[in-house]
Every structure is written in structure tokens, then in C-alpha cells.
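Breakdown of the fold
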2 protein chains.
Amino acid sequence: MVKILIVDDEPDILEFLRYNLEKEQFVVFSAGDGITGFQIAKKELPDLIILDIMMPKMDGVELCRLIRADDHLKNTLITFLTAREEEYSQIAALDVGGDDYITKPIRPRVLISRIKALLRRKHKGSAEMEKETWLEFGNLRIDKEKVMIIKNGEQIDLARKELELLMLLVSKPGKVFSREEIFNKIWGNDVIVGNRTIDVHIRKLREKIGDDFIKTIKGIGYKFDF
Amino acid sequence: MVKILIVDDEPDILEFLRYNLEKEQFVVFSAGDGITGFQIAKKELPDLIILDIMMPKMDGVELCRLIRADDHLKNTLITFLTAREEEYSQIAALDVGGDDYITKPIRPRVLISRIKALLRRKHKGSAEMEKETWLEFGNLRIDKEKVMIIKNGEQIDLARKELELLMLLVSKPGKVFSREEIFNKIWGNDVIVGNRTIDVHIRKLREKIGDDFIKTIKGIGYKFDF
DNA sequence: ATCGATATTAATTAAATGTTAATTTTAAAG
DNA sequence: CTTTAAAATTAACATTTAATTAATATCGAT
């Protein structure tokens, strides 16, 4: 018996998920807010928790932190639900300890297969997590899996936006990303931030990883280069 | 040219969408009901169809099914329009094959960026195996995707105008572009710049990529040649 | 609720790019 | 071979765009 807890403030989504999961023989619990969700989780010890990122009272990211901090729950699988399609904002979710994320609109078949894959992976254990998948640029190593930046052997802590920015640029080394592209991918379609915000993040990034990696192409954008 | 079909029974919304989409250079078709919508879709084969879920005669969900069942239309992108309250109660609609949904009230900026994201995703998806899309002329490689010029393996950074100019010339190698043509394409019809401006940019370009690619046809214009 | 870290904004400075104008060179036509 | 219109070149100047900085706002952990 596999128990799944869904935490979302929209009743329609709860119902929709419950319907589809129960059709697959999962045992479903649900909660309409983070606090209730946490209580149920502690009581039922589900195998997987599906968390909406955007919720009133306590959002998904915060609840995730709580769960990861709880001795009985810390190893529970967590899948985030996010409205954004931009993958780099989802790094934030994974950074905080999520195991997967699913974007709305939710496709039942996708949902189910992702969940099954997660459960399978969990059971197999972390045996295959050994695969070292990092990128190396001179003295800079970028470990996408572990979300870790190492420079000259020293680990560097990047703030969230810095990390997202770096990951975006590094995803296609050499490619020039226009400001607009960066906005869309990192901030999302509907967020509007000022014009100089990117510059500031770029500067902080350069401060931390060194000036030689991120190049400005004036009038066009930025690129990661080595 | 990107064609978009809007199907909605409310004339106000049709007009509103048309205005905003045409402002973005999309070619817009519209229909006031599902049946007409389907007919237009079959005739025009649009790239994207925006469907109101709630409509008389044939609702959006039903039309979506029809579209997905039609050989010529089955891969067309579909975005649903939903009122906020019905948001997820109609989620079945997405299972039926919608690619996205947008909630009313519609914010133009959000609408546009969502649509562009969808189209981008579609194109990326159909490209599948990362087909390398560059042009090669002797020791010069032009990678439009990465906005990258490589000469003898060395990467060259071009300023914006230089890049635009090169891209224009390269778009039809061998064709002679008159000065007037170049002005119209790069500066636009209403901007007036002096006569020698092009020369200067041409010179800088030649300085960077080498003298052998851009030929002057005195009295007529310039061409990219190899 | 508070403190420290992170994110954003706004104002200023710096730098690269773009344009103009004056001058020299080129090449096509007579 | 000259003439002449067009293009190349050059350097000064203007404009645009990015970097920097400091101040303010927001977030998140305690």
C-alpha cells in the first residue's frame, strides 16, 4: 500500500489529483493548507507528499523545509506542483529538498508516471546516485545534480537567483542569452522587475565565481564562456 | 508568420485578443462558435488555437477533441480560456489535449509571453535531437541560435548593428543589398541616419570577420559572398 | 518579532557602440 | 589618363547600454 498526501489550497485540484491517484490504487490523503498537511503527514507517514508551491498561510517550500527537518518525515518523497514552466525557478524547489516537480496544467498520465518513477527510484535506493555528473571549466566545477559550485576546490555558496542565473547560462555554454530570455526563464512571464536587476545579480555572480566566465555582449545579452 | 485562431462567443474578447495579438505581428483569425472555428482551423491550419471553454453550440472541450482527432490539426497548440472560478473544475479539458490555459481576466502581457513560450516549446520539441543549425563559409561559422560567430575556431563578438548587418547579408548569400534596403531592414523606414553610417559598420564588420566575405558593388550595394 | 541574508531599485558612473563629418582612396566611364 | 561619383577611412562626438554603488525592501531562519 502506497500512501500519498496532497497539500493544495484549491479544492478542485485536490479532487482532480485524488481521482487520478486513487484510480491507480494509491491511498490518498489531502490537506488544504500547509499546517494541516504537516499534521496529517506526521500521523500517516505517507510515502510521497505532493505540495503546491503557492499556498496561503504556509507555502510549499516552507512546508518542505519543515518536513525535511522532522526526524520521522525527512526521507519522505516530495513532489512540488508549480504553475511556472520555467525550469530554473524550479531549482529553488529542488534546492530546498524536493525530489521532483510537476508543472501545471497537470496531465494525469504524466503525473502518474512521474510518481511511479519516483517511488521506484526510492526503493532501488541511492545505489545509482553515484554517477558524477558535473561540468568543469578550468578551476570551476559545476555539479548540477548536487547543486554545488566548487572553485579551486573550495565550495562556493550562491544565493538562489545567482544559482539560477548561472545554471541558465551554463546550460548552453557559449550561447548568448538576451535579457528578455533571462527574465522569462528565471523570473517567469508575469513577474516584472526593474531593468538593472539582472546586472546586479550578474555582478554578484562574477564576484563569487570570478570575472572570466560570464561575458557581456553589449546590446545583446550575456553568455557563459570559457 | 505565425497564425493564431481565436474561438470565443464574446465579440469583446475576440476584439481584445485580436488587437493584442496583431500588435505582436501574429496573423489572427477568429470564430464566434466551435463549428465555425473548426472550419477555419481546417482551412488555415493555424499554429495555435485559443479556445474559450464555455461556448454555446459546441464548447471548447468538444472542439478540442475534434481537433485532436483530425490528422491535419492534431499537433496544433491549444490554449484554453477559463474564468477564474471554473479554473480546475474544467481540468478534464486539459486531459483532452490542451497545451495551456489562461484565466480571465486576461492580461495582455501575460497572454503574449505565455503564447510565445508555448510556441518556443513547440519548436524546441520538434527539433528533437539538437540539430546543429549553423552556417559555414570557409573558416567562418555563423551560429544563429547561439548568436555566435566563429572564425578559425576563435569566437568573435560582434556589436548589435554589426550582427544585424551580417545576419541580413548572410540571409541571402550572393544577393546584393542596396543601401536603401539595408537602411529599411536595419534602421526601419522612419529612422534617418547619415549616408556614411553603413560604411562605417561595414568596415568594422570586415575588420572583425575578415575582408573576404563582404563585397562592395559600387553604385549598387553590398553582398555577402564566398 | 527580530536579525541577517538576499533581492530589488534607483541614481551615478563608466564603457562600448553608433553616428557624423571631413578627408582620402577607389574604380568606372569617358 | 582624367574625371567624378561613390565608398573607405578616420577621428571626434553623441548616444545607448551596462557596471557600480548604496539605499531600501523582502525573505527566511531563529
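The rules behind these values
Residues numbered from 1 in each chain as written. Chains lettered and ligands numbered in written order. Predicted model: local features only at pLDDT ≥ 70, side-chain atom pairs only at ≥ 80, totals over all residues. Heavy atoms only, no water. Helix = DSSP H or I, 4+ residues; strand = E, 2+ residues; numbered from the N terminus. Buried < 20%, exposed > 50% of the residue type's maximum accessible area, 1.4 Å probe, protein only. Contact = heavy atoms within 4.5 Å. Near = heavy atom within 4 Å. Polar contact = N/O pair within 3.5 Å; in protein donor to acceptor, adjacent residues only side chain to side chain. Nonpolar A, V, L, I, M, F, W, Y, C, P; charged D, E, K, R; others polar. Phe/Tyr/Trp six-rings, centres within 6.5 Å; stacked < 30°, edge-to-face > 60°. Core = buried A, V, L, I, M, F, W, Y, C linked by side-chain atoms within 4.5 Å. pLDDT = per-residue confidence, 0-100. Pairing = 2+ DSSP bridges. Salt bridge = Lys/Arg side-chain N within 4 Å of Asp/Glu carboxyl O.

A few words on unusual backbone geometry. All names here are of chain B. The backbone phi angle of glutamine 25 is positive, close to 75 degrees, even though this residue is not glycine. With respect to the element layout, glutamine 25 can be found in the loop between α1 (11–23) and β2 (27–31). Positive phi, normally seen in glycine, also occurs at leucine 45, with a value near 45 degrees. Take leucine 45: it is sitting in the loop between α2 (34–44) and β3 (48–52).

So, on to the environment of threonine 79 of chain A. Residues and elements named next belong to chain A. When you line up the elements, threonine 79 lands in strand β4 (residues 77–82). Exposure remark for threonine 79: the relative accessible area of 1% places this residue in the buried category. Threonine 79 sits 39 residues away from leucine 118 along the chain, and the two C-alpha atoms are 9.0 Å apart. In this view, threonine 79 contacts Leu48, Ile49, Ile50, Leu51, Asp100, Tyr101, Ile102 and Leu118; residues no more than four positions away in its chain are not counted.

Quick look at the protein's contact with DNA strand C now. Inspection of the region around DNA strand C gives 23 residues, with Ala159 and Gly194 of chain A together with Trp187, Gly194 and Lys218 of chain B positioned closest. Here, DNA strand C places atoms within 4 Å of the protein, and 71% of those atoms are sugar or phosphate. For DNA strand C, a phosphate oxygen lies 2.9 Å from a polar atom in the backbone of lysine 161 of chain B. Residue assignment for the surface near DNA strand C shows that the elements contributing at least two residues are α6 (160–171) and α8 (197–209) of chain A together with α6 (160–171) and α8 (197–209) of chain B. Its residues placed into classes, the surface near DNA strand C shows eight nonpolar, six polar and nine charged.

Moving on: the packing of aromatic side chains. All names here are of chain A. A full pass over the atoms with the stated rule returns six aromatic pairs over all chains. Each ring, one from phenylalanine 213 and one from phenylalanine 224, has its centre 5.7 Å from the other, and the planes form 10 degrees; the classification is stacked. Placement of phenylalanine 213 in the loop between α8 and β11 (214–217) and of phenylalanine 224 in strand β12 (residues 221–224) is noted, with a sequence separation of 11 residues between them. Across the pair, exposure class does not vary: phenylalanine 213 and phenylalanine 224 are buried alike.

This part is about the nonpolar core. Counting 29 residues, the largest nonpolar core has Ile142, Ile149, Leu166, Ile182, Ile209, Ile214 and Phe224 of chain B as the members making the most contacts within it. Those elements that provide at least two residues to this core are β7 (140–143), α6, α7 (179–187), α8 and β12 (221–224) of chain B. Per-element accounting of this core gives the leading share, seven residues, to α6 of chain B. Among residues more than four places away in sequence, those in contact with isoleucine 142 of chain B are Trp134, Leu135, Phe137, Met148, Ile149, Leu166, Met167 and Val170 of chain B. With 26 residues, the next largest nonpolar core counts Phe137, Leu169, Phe177 and Phe183 of chain A among its residues.

Here the focus is the confidence of the model for chain A. All names here are of chain A. Here chain A shows a mean pLDDT of 82. Residues at 70 or above account for 84%. Per-element averaging of pLDDT across chain A places helix α4 (residues 90–95) at the bottom with 61 and α8 at the top with 95. Counting interchain partners and residues more than four positions distant, the pLDDT-below-50 stretch residues 126–132 has three contacts.

Residue and element names in this part refer to chain A. Of all five residues that make up strand β3 (residues 48–52), five are buried, and the element is covered over most of its length. Direction of pairing for strand β1 (residues 3–7) relative to β3: parallel, over a ladder of four bridges. Counted as the bridge partner of valine 7 is leucine 51 from β3.

Residues and elements named next belong to chain B. Within the structure shown, the criterion is met by 27 salt bridges over all chains. Glutamate 181 serves as the salt-bridge partner of lysine 175, at 3.1 Å between the closest nitrogen and oxygen. Taking the relative accessible area as the measure of exposure, lysine 175 reaches 29% and is therefore partly exposed. With a relative accessible area of 22%, glutamate 181 lands in the partly exposed category.

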